[in-house]
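# Observations on the three-dimensional arrangement
Here is what each chain is made of, one letter per residue.
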Amino acid sequence: AYKRFSELLPKEERENACSARVPKSQILTLPELRANPFQHRICRVFSTSDSGDDSMSFEDFLDMLSVFSDSATSDIKSHYAFRIFDFDDDGTLDRKDLEKLVNCLTGQGKESRLSNAEMDQLIRNILEESDIDKDGTINLSEFQHVVSRSPDFTRYGGLQR
């Protein structure tokens, strides 16, 4: 992990890699993130940068890799997936978060974009299936409950390399 992290740094910063921060633009060159539709949210969730530039310290990088690893538990993976899907960082998945999530998964092109009616129906179905307390949002425990019933989440739909 240290070698991968230091290789993302400019040559002159590599000997001080433990105290350096890798810019988001470099993090996005990683094969695990290059084609990931949530790449920007992943950087935002794992970055501890005070400046909001989504750069990563070595510790941030390690946290990200450990969540992506096969050895991470489904609870850990689902916790971070929830944070990544919570686009407005308010601790719940509301209709706007779910719409952004669906758009990320289906692509932003005209041919792949859902109609308003299709999107509305899909979000209603998701909430009907997942919103246990019927408050119009999905909280972390509701999300984890749904994920626990889906063994494919950690293998295919969740956070993996």
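This text goes with the structure placed above it.
Rules of the game
- Residues numbered from 1 in each chain as written.
- Predicted model: local features only at pLDDT ≥ 70, side-chain atom pairs only at ≥ 80, totals over all residues.
- Heavy atoms only, no water.
- Helix = DSSP H or I, 4+ residues; strand = E, 2+ residues; numbered from the N terminus.
- Buried < 20%, exposed > 50% of the residue type's maximum accessible area, 1.4 Å probe, protein only.
- Areas by Shrake-Rupley, 256 points an atom, 1.4 Å probe, with all protein chains shown as cover.
- Lys, Arg positive; Asp, Glu negative; His and termini not counted.
- Charge placed at Lys NZ, Arg CZ, Asp CG, Glu CD.
- Contact = heavy atoms within 4.5 Å.
- Salt bridge = Lys/Arg side-chain N within 4 Å of Asp/Glu carboxyl O.

Across its full length, the chain carries 10 helices and 0 strands. Beginning at the N terminus, the succession of helices and strands in the chain can be written as α-α-α-α-α-α-α-α-α-α. Projecting the C-alpha coordinates of the chain onto the three principal axes gives extents of approximately 55 × 35 × 30 Å. In the chain, which comprises 161 residues, the share counted as buried stands at 40%. Summing over all exposed atoms, the chain offers an accessible surface of approximately 9,400 Å²; the carbon and sulfur share of this is 51%. Here the chain contributes 21 positively and 30 negatively charged side chains, and the mean placements of these two sets differ by 5 Å.

The buried count for helix H4 (residues 39-46) comes to 6 of 8 residues, which makes it a mostly enclosed element. Every buried residue of H4 is listed here: Gln39, Arg41, Ile42, Cys43, Val45 and Phe46. Buried residues in H4 make contact with helix H2 (24-27), helix H3 (31-34), helix H5 (58-68) and helix H6 (74-85).

Here we come to the pattern of salt bridges. When their charged atoms lie close together, side chains carrying opposite charge are able to pair. Applying the stated criterion to the full structure yields 9 salt bridges. Among the ionic pairs, Arg95 bridges to Asp120, the shortest N-O distance being 2.5 Å. With Arg95 in helix H7 (residues 95-106) and Asp120 in helix H8 (residues 116-130), this pair connects stretches of sequence that are 25 residues apart. Here Arg95 falls in the partly exposed class, since its relative accessible area comes to 34%. The exposure class assigned to Asp120 is partly exposed, which follows from its relative accessible area of 31%. The shortest N-O distance in the salt bridge between Arg124 and Asp120 comes to 3.4 Å. Highlighted residues: Arg124 and Asp120, both in helix H8, separated by 4 residues, approximately one helical turn. Among the residues examined, Arg124 registers a relative accessible area of 40% and is labelled partly exposed. Three or more residues joined by partner-sharing salt bridges are found here, namely Lys24, Arg44 and Asp54.

On to H5. Along H5, the residues that are buried comprise Phe58, Asp60, Phe61, Met64, Leu65, Val67 and Phe68. Packed against the buried residues of H5 are helix H1 (2-7), H2, H3, H4 and H6.

The next point concerns the side chain of Thr137. Relative to the assigned elements, Thr137 resides in the loop between H8 and helix H9 (140-148). Classification of Thr137 as buried rests on a relative accessible area of 15%. Setting aside anything within four residues of it in sequence, one finds Thr137 in contact with Thr92, Leu93, Asp94, Leu127, Asp131 and Glu142.

What follows covers the environment of Lys96. Tracing the backbone shows Lys96 in helix H7. In this structure, the C-alpha to C-alpha distance between Lys96 and Ile123, residues 27 residues apart in sequence, is 9.5 Å.

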